[in-house]
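Inside the fold
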Amino acid sequence: MVPVRKRHPRGSLYDQRHLAPHRNLHQTQKGALFAFVGRQVHVEIDGDDFYIDLLFFHVEQLRYVVVELKTTKFTPADAGQLGFYVAVVDDLYRIREKHLPTLGILLVAGKNDTVVRYALASTTSPVAVSRYQLDEADQKALPDEAAITRAFADELARDAGDE
């Protein structure tokens, strides 16, 4: 079982409830089946903590799919983070004799296609970067930066009180 934590690291989309699935199996419009593995999936690497925004398993292709969500414009560092998570999932969860290589998808608020091309030029992992667009009602429903900062600080304070 993959442990799922509730912390929201900086740079990740704060509230993914409207994007995260509510059931375990989901069928896309083209018929592909995805199993929801977790949200904010915690991995510990030699004492360092990391959180994968969303992790799915593609049932037909037999591969994990890492999805990272960014509220900012794409930067080459985002590609490095996604590549890191893809490598971690490949190493810790993938059964090489049965599963295809892990796929990484990065959804960003904006991107420069030339910067994306250069950032991904040397990667050997199957990764993609795409821009998401929220309609006006969804955009207004998102909390502002101050609310996100307050919620993050409150959660850290609660976690500190639990220890």
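See the structure shown above.
Below you will find a few notes about this structure.

About the thresholds
Residues numbered from 1 in each chain as written. Predicted model: local features only at pLDDT ≥ 70, side-chain atom pairs only at ≥ 80, totals over all residues. Heavy atoms only, no water. Core = buried A, V, L, I, M, F, W, Y, C linked by side-chain atoms within 4.5 Å. Buried < 20%, exposed > 50% of the residue type's maximum accessible area, 1.4 Å probe, protein only. Helix = DSSP H or I, 4+ residues; strand = E, 2+ residues; numbered from the N terminus. Contact = heavy atoms within 4.5 Å. Pairing = 2+ DSSP bridges. Right-handed = clockwise from strand over helix to strand, strands pointing away. Phe/Tyr/Trp six-rings, centres within 6.5 Å; stacked < 30°, edge-to-face > 60°. Lys NZ or Arg CZ within 6 Å of the ring centre and 35° of its normal.

**Structural notes on the nonpolar core**
- Core analysis: the largest hydrophobic core is formed by 20 residues, its most contacted members being Ile52, Leu55, Val66, Phe74, Val89, Leu106 and Val129.
- Counting residues per element, the ones that place at least two in this core are strand E2 (33–45), strand E3 (48–58), strand E4 (63–69), helix H1 (76–92), strand E5 (103–108) and helix H2 (113–120).
- When sequence neighbours within four positions are dropped, the list of residues in contact with Val129 reads Phe74, Leu106, Val108, Lys111, Val116 and Leu120.
- Grouped together as the second largest cluster of nonpolar side chains are 7 residues, Phe34, Phe36, Phe56 and Val67 included.

**What about the pairing of strand E6 (residues 127–131)?**
- With 5 bridges joining them, E5 and E6 adopt parallel strand pairing. Bridge pairing in E6 links Gly104 to Val127.

**Remarks on the pairing of E5**
- Burial of E5 is one-sided: the residues Gly104, Leu106 and Val108 facing one way are buried, the residues Leu103, Ile105 and Leu107 facing the other way are not.
- Here E4 pairs with E5 via 5 bridges, running parallel. Bridge assignment links Leu69 to a residue of E5, and that residue is Leu107.
- In this view, the connection linking E4 to its parallel neighbour E5 by way of H1 has right-handed handedness.

**Points about the packing of aromatic side chains**
- Throughout the structure, instances matching the rule amount to 6 aromatic pairs.
- Three or more aromatic residues joined by ring pairs make a cluster, and in this case those are Phe34, Phe36 and Phe56.
- Across from the ring centre of Tyr118, 4.8 Å away, lies the NZ or CZ of Arg117, which sits over that ring.

**What to know about the environment of Pro76**
- If you trace the backbone, Pro76 turns up in helix H1.
- Along the sequence, Pro76 and Tyr118 sit 42 residues apart, while their C-alpha atoms lie 8.3 Å from each other.

**Some remarks on unusual backbone geometry**
- For Gln40, which is not glycine, the phi dihedral falls at a positive 55 degrees.
- Phi at Asp46 takes a positive value of approximately 50 degrees, unusual for a residue other than glycine.
- Relative to the helices and strands, Asp46 resides in the loop between E2 and E3.
- Classification of Asp46 by relative accessible area gives exposed; the value is 79%.

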